[in-house]
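Coordinate analysis (summary)
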Amino acid sequence: DRIQQVRAYVDSVTGRMGDKELRKEAVVHLYGVSQACALIAMKRGEDKELAVIAGMLHDIWTYSKMDPREHAHKGAAMAREILKSMGTFEDQEIDKICHAIYHHSGKAICQEPFDEVLKDADVFQHCMNDPLKEPSAKEYARFEKLKEEFTREFT
């Protein structure tokens, strides 16, 4: 199971983190974004397996190197190496995942539909991690659109 392979890799990275609070934050964020990716991908008709994997790896650079600078671009390159080393992904699948990771920090810019799944899942997790807090200015508009998308069927 490819998702389990990626989760095992991520677990090994987070397991090496010395700071328990930071480790907990990393696990909650990576798994939360991954799960939100699954939900959003299913709703939008995107590939849910690849979305879950993109969510698991989107901040892998930050948590493995403890360096958030240029983490989207560096993380995409790192994710490419990780996925290639697993030997179970086609090149076009790796490209799709890594493209989404590369662009996930550009929340104000719309990209390919699959890329938008990861961006929206990242915002969703940030905002739902503490739903009593207002979304950040850079995430506000995207979160409002997500709330509209996910509530219109229920009202």
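A brief report on the enclosed structure follows. (Residues numbered from 1 in each chain as written. Predicted model: local features only at pLDDT ≥ 70, side-chain atom pairs only at ≥ 80, totals over all residues. Heavy atoms only, no water.)

**Here we look at the overall build of the protein**
Counting its secondary structure elements, the protein contains 8 helices and 0 strands. N-terminal to C-terminal, the α/β element order of the protein is α-α-α-α-α-α-α-α. The C-alpha radius of gyration computed for the protein amounts to 15 Å, which stays within 12% of the reference 15 Å derived for 155 residues, consistent with globular compactness. Referenced to the eigenvectors of the C-alpha coordinate spread, the extents of the protein come out at roughly 45 × 35 × 25 Å. Counting every position in the protein, which comprises 155 residues, the buried fraction comes to 45%. Across the protein, every contact between residues at least 6 apart in sequence was considered, and the portion connecting residues at least 24 apart equals 57%. Carbon and sulfur atoms make up 54% of the accessible area of the protein, which amounts to about 8,500 Å² in all. Here the protein carries 23 positive and 28 negative side-chain charges, and the mean point of each set is 2 Å from the other. (Helix = DSSP H or I, 4+ residues; strand = E, 2+ residues; numbered from the N terminus. Rg over C-alpha atoms; globule rule 2.2 N^0.38 Å. Buried < 20%, exposed > 50% of the residue type's maximum accessible area, 1.4 Å probe, protein only. Contact = heavy atoms within 4.5 Å. Areas by Shrake-Rupley, 256 points an atom, 1.4 Å probe, with all protein chains shown as cover. Lys, Arg positive; Asp, Glu negative; His and termini not counted. Charge placed at Lys NZ, Arg CZ, Asp CG, Glu CD.)

**Some thoughts on the environment of Trp61**
Among the secondary structure elements, Trp61 is positioned in helix H4 (residues 60-65). Here the alpha-carbon distance between Trp61 and Arg7, two residues 54 residues apart in the chain, equals 15 Å. Apart from the residues lying within four places of it in its own chain, the contact partners of Trp61 are Met66, Asp67, Arg69, His71, Lys74, Gly75 and Met78.

**Structural notes on helix H3 (residues 48-57)**
Residues spaced three or four apart along an α-helix face the same direction, because each turn holds 3.6 residues. With 8 of 10 residues buried, H3 is to be regarded as a mostly interior element. Buried-residue contacts for H3 involve helix H1 (2-15), helix H2 (20-44), H4, helix H5 (71-86), helix H6 (91-103) and helix H7 (113-129). At the N-terminal end of H3, a side-chain oxygen is found 3.0 Å from the backbone nitrogen of Glu49, two or three residues along, and the residue is Asp47. (Polar contact = N/O pair within 3.5 Å; in protein donor to acceptor, adjacent residues only side chain to side chain.)

**Describing the pattern of salt bridges**
Scanning the model with the defined rule gives 13 salt bridges in all. The shortest N-O distance in the salt bridge between Lys24 and Glu21 comes to 3.7 Å. A residue pair is termed a helical-turn pair when its members lie 3 or 4 positions apart in one helix, as Lys24 and Glu21 do in helix H2 at 3 residues. The class for Glu21 is exposed, based on a relative accessible area of 54%. Between Lys84 and Asp91 there is a salt bridge, and its shortest N-O distance comes to 3.7 Å. Shared partners join several salt bridges into a network, and the residues in it are Arg44, Glu116, Lys119, Asp120, Arg142 and Glu149. (Salt bridge = Lys/Arg side-chain N within 4 Å of Asp/Glu carboxyl O.)

**Notes on the packing of aromatic side chains**
By the definition in use, this model includes 0 aromatic pairs. In this structure, Lys43 is placed above the aromatic ring of Phe150, and the distance from its NZ or CZ to the ring centre is 5.6 Å. (Phe/Tyr/Trp six-rings, centres within 6.5 Å; stacked < 30°, edge-to-face > 60°. Lys NZ or Arg CZ within 6 Å of the ring centre and 35° of its normal.)

**Observations regarding the nonpolar core**
It is characteristic of soluble globular proteins that their nonpolar side chains tend to be buried jointly. Counting 44 residues, the largest nonpolar core has Val6, Ile53, Leu57, Leu83, Phe89 and Ile97 as its most contacted members. Take this core: its biggest share by element is 8 residues, from H2. If near-sequence neighbours (up to four positions away) are discounted, Val6 is found in contact with Ile53, Met56, Leu57, Leu83, Met86 and Phe89. (Core = buried A, V, L, I, M, F, W, Y, C linked by side-chain atoms within 4.5 Å.)

By themselves, these figures tell us nothing about what the structure is for.
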